[in-house]
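Chain residues, written in single-letter form:
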Amino acid sequence: MGGSVKDVESKEELDSVVLQGVPVILHFWASWCEASKHMDQVFSHLSTDFPHAVFFRVEAEEQPVISEAYSVSAVPYFVFFKITINFIVPPLTSLVPLVAYPIIVKAIALLLPQEPAVGMATTISATIIPCDGKSVDTMEGADPSTLANKVAKVAGSINPGEAAAPASLGMAAGPTILETVRELSKENRASQVESQLPSGLTDTLKIRLQKLIESQPVMLFMKGSPGDPKCGFSRKVVEILREEKIKFGSFDILIDNEVREGLKKLSNWPTFPQLYCKGELLGGCDIAIAMHDSGELKEVFRDHGIEASDDSNEAKTTEPESGNGGISDSTGLSVTLTSRLESLIHSSPVMLFMKGKPDEPKCGFSRKVVEILQQEKVDFMSFDILSDDEVRQGLKVYSNWSSFPQLYIKGELIGGSDIVLEMQKSGELQKVLAEKGITQKETLEDRIKNLINSSPTMLFMKGTPDAPRCGFSSKVVDALKAENVSFGSFDILTDEEVRQGLKVFSNWPTFPQLYYKGELIGGCDIIMELRNNGELKSTLSE
């Protein structure tokens, strides 16, 4: 951390600063998120440019109370505090009553260039932070230009009376800021590779990885094989390469953990798949999709002398050079713990390891994944990793995924909050669920709607038409039969869930209930009234 950015240790610490009446900017981040790291560099530079504001960093998963307070469900995420109030400073002799408002008094003291003379009226714009700590703006995602603009708006000029420096403003100097971020990214990547290579890669492994990368002009390191991908992202890249009609080699990183971990360090790319062209990393799934959609991928292949081919033998799978593949053999976890983790992962087709429970999440990231699964109407089980530290720490090693939540489908790790959210937005999550044979569960509301629409005229009654279990139901059945109306029926005595749910759904507390073309007609009294008026037949025939 550079500049004047400080890590927040507690909600109390944050609240105390917010109440001091100065602009405050929060950066919610996570150690596993590369975008957070790059934006943190920009954040640090901005803290130097705007010394009158307070810049706080909050590790989202380690400070769940603060994250919950501001509904943080993805990183990087920024929260801005400021309210500007214009007021008139009366003659100095009249300032005594304002002692009751220390925040305003402090703001006046900071803003006045000198002590005003007695009797002088001065107009001042003061920054007042509401006592409830309410934020005035937020921002999600890695957008340096927008961040710089929002900071400038909240924190004001770098020096009183001067305009903010263009280098700090995205609107005026977007390219400058973006170029700065690119350079910071390059520096960050270079420094990480320099620091990681000596400790994480032996010369032997580095040579092996380089040979694998260069074994084919186009090389894909993926989960599974082209014929049997083990994750949706790997499958997507395979589909793209086939659409481009490009021959490629592949390596299944799931069968060789040494290659899996080594490649992350060598490429400074933490996820898979990884696509290489002539020994150079192009990127992962998102980058491959973007390049494919824009036509840039075809150009890259052409520039490297790689032509499209109709040859059906487009993929060559590279096998590991030794038999030491397989995660369980290289994690260092005990056989007992490994067995327990695998049992938990496979305890449900869709399994979520989260902080807290679905009805009481303990962090915004977990809540977000729960909401997504509920929106997708997916049945799932969960495990509260806060209740068992052995599982919590063991799962990080087993899955090679350092944060939570972790979502598994049919035993396969899908990812955390960001990945699940992105998959939902793109429709990939629904596709993966369908491919795994996981169908949407029928909610009670869905079930009730289906029952209501199972027949044009539908009667929910006690008993059956041949054996009614109450006089009101019997009267409605007789009325419908007398009018020669064909109808379906459902005995609410056989299903308490439907019985109670229908009361809420229709906002009608009693039975029987008669529906026509999905709309409630009414109960016994209304049906009898319609029959007596000669309107029942016509009502059910419209």
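Cut-offs and rules
- Each chain has its residues counted from 1, following the order in which its sequence is written.
- Totals for whole chains, interfaces and linings use every residue, but because this is a predicted model, local features are given only for residues with pLDDT of at least 70 and side-chain atom pairs only at 80 or more, for both listing and counting.
- Only hydrogens and water are set aside; all other atoms, that is, all heavy atoms of the structure, feed into the side-chain values.
- What counts as a ring pair is set by centres within 6.5 Å for rings of Phe, Tyr and Trp (its six-membered ring), and what kind of pair is set by the plane angle: stacked under 30 degrees, edge-to-face over 60, tilted for all other angles.
- Put simply, DSSP marks the helices as runs of H or I at least four residues long and the strands as runs of E at least two long, and each gets a number from the N terminus on.
- For each residue, the accessible area found with a 1.4 Å probe, counting protein chains only, is set against the maximum for its type, and the residue is called buried under 20%, exposed over 50%, and partly exposed in between.
- One less than the number of residues in a helix, times 1.5 Å, gives the span that helix is expected to have.
- Arc, as used here, means the arc of the directions from the helix axis to the C-beta atoms.
- The contact criterion used throughout is that any non-hydrogen atoms of two residues lie within 4.5 Å.
- Take the buried residues of types Ala, Val, Leu, Ile, Met, Phe, Trp, Tyr and Cys, join any two whose side-chain atoms come within 4.5 Å, and each joined set is a nonpolar core.
- Every axis in this analysis is a line fitted to C-alpha atoms, fitted for helices over the stretch in contact. Angles between the N-to-C directions lie between 0 and 180 degrees.
- Each angle receives one of four descriptions, namely roughly parallel if under 35 degrees, roughly antiparallel if over 145, roughly perpendicular if within 65 to 115, and oblique otherwise.
- Each crossing gets its hand from how the near helix is turned against the far one by less than a right angle, where anticlockwise is left-handed and clockwise is right-handed.
- By the convention used here, strands pair only if DSSP detects at least 2 bridges between them.
- By convention in these notes, a salt bridge is any Lys or Arg side-chain nitrogen within 4 Å of a carboxyl oxygen on Asp or Glu.
- Known as pLDDT, the predictor's confidence for each residue is given on a scale from 0 to 100.

Under the defined criterion, the tally for this structure stands at 11 aromatic pairs. Taken together, a centroid distance of 5.6 Å and an interplanar angle of 80° make the contact between Phe-221 and Tyr-276 edge-to-face. Pair noted here: Phe-221 is in strand β8 (residues 218-222) and Tyr-276 is in strand β12 (residues 274-277), with a separation of 55 residues, a long-range link. What makes Phe-221 buried here is its relative accessible area of 0%.

Turning to helix α19 (residues 471-482), a few remarks are in order. Here α19 spans 16 Å end to end across 12 residues, near enough to the 16 Å set by a 1.5 Å rise per residue. Looking at α19, one finds that the buried residues are Ser-473, Val-476, Val-477, Ala-479 and Leu-480. Along the axis of α19, the buried positions cluster into a sector of 160°, meaning they face one direction only. Along its buried surface, α19 packs onto β21 (457-461), β23 (467-468), β25 (513-516), α21 (524-532) and α22 (536-539).

Among the nonpolar cores identified, the biggest contains 40 residues, and Val-218, Leu-220, Leu-241, Phe-301, Val-350, Leu-352 and Leu-373 are the most heavily contacted of them. Looking at this core element by element, the count peaks at 5 residues for helix α8 (residues 232-243). Formed by 22 residues, the second largest nonpolar core is a distinct cluster that contains Val-24, Ala-30, Cys-363 and Phe-365.

At a minimum axis separation of 9 Å, α8 and helix α10 (residues 285-294) run at an interaxial angle of 30°. One finds that α8 runs roughly parallel with respect to α10. Taken as a pair, α8 and α10 cross one another with a handedness that is left-handed. Residue-level inspection shows Phe-233, Lys-236, Val-237, Ile-240 and Glu-243 of α8 in contact with α10, the latter providing Cys-285, Ala-288, Ile-289 and His-292.

What follows covers the sheet that holds strand β15 (residues 350-354). Reading across from one edge, β18-β15-β19-β20 is the order of the 4 strands in this open sheet, with mixed pairing throughout. In the strand order of this sheet, the two ends are held by β18 (381-384) and β20 (412-415), each with one partner. On average, each strand axis in the sheet is tilted by 25° relative to the strand beside it, whichever way the strands run. Bridge count for strand β19 (residues 406-409) against β20 is 3 bridges, and the pairing is antiparallel. Paired with Leu-407 across the two strands is Gly-415, which belongs to β20. Where helix α15 (residues 389-399) meets the sheet, it contacts β15, β18, β19 and β20, and its direction lies at approximately 60° from that of β19.

In this section: helix α1 (residues 11-18). Buried residues of α1: Glu-13, Leu-14, Val-17 and Val-18, and no others. Buried residues of α1, viewed axially, fall in a sector of 130°; they line one side. At its buried positions, α1 is contacted by β1 (5-7), β2 (24-29), β3 (54-59), α3 (64-69) and β4 (77-81).

Inspection of the secondary structure puts Glu-371 in helix α14 (residues 364-375). A relative accessible area of 31% means that Glu-371 is categorised as partly exposed. With 13 residues separating them in the primary sequence, Glu-371 and Pro-358 have C-alpha atoms 8.7 Å apart.

A sheet is described by the order of its strands in space; here 4 strands give the open sequence β24-β21-β25-β26, paired in mixed fashion. With one partner strand each, in any of the chains shown, β24 (488-491) and β26 (519-522) form the two edges of the open sheet. In this sheet, neighbouring strand axes are inclined to one another by 25° on average, regardless of whether the strands run parallel or antiparallel. Pairing analysis gives 4 bridges linking β21 to β24, with the strands arranged parallel.

Before going further, it helps to examine the pattern of salt bridges. Following the criterion strictly, the structure yields 21 salt bridges and no others. Linking Asp-137 and Lys-150 is a salt bridge whose minimum nitrogen-to-oxygen distance equals 2.8 Å. You can see Asp-137 sitting in strand β7 (residues 137-140) and its partner Lys-150 sitting in helix α5 (residues 144-155), a full 13 residues away along the chain. Judged by relative accessible area, which is 24%, Asp-137 ranks as partly exposed. In this structure, Arg-208 engages Asp-256 in a salt bridge whose closest nitrogen and oxygen atoms are separated by 2.9 Å.

Here Glu-244 lies in the loop between α8 and β11 (248-252). In this structure, Glu-244 is in contact with His-292, Leu-297, Lys-298 and Ala-308, ignoring residues within four places of it in sequence.

Structurally, Ile-306 can be placed in the loop between α11 (296-303) and β14 (315-318). A relative accessible area of 11% means that Ile-306 is categorised as buried. Each C-alpha atom, one on Ile-306 and one on Pro-217, is 7.6 Å from the other, the two residues being 89 residues apart in sequence. Not counting the four nearest positions on each side in its chain, Ile-306 is found in contact with Pro-217, Val-218, Ile-246, Cys-277, Lys-278 and Phe-301.

This next bit is on the confidence of the model for the protein. Per-residue confidence for the protein gives a mean pLDDT of 77, with 77% of residues at or over 70. Contacts of residues 158-199 to residues separated by more than four positions or lying in other chains number 54 contacts, the stretch itself having pLDDT below 50. When the criterion is pLDDT under 50, residues 312-317 qualifies, and its contacts beyond four places in sequence or with other chains add up to 14 contacts.

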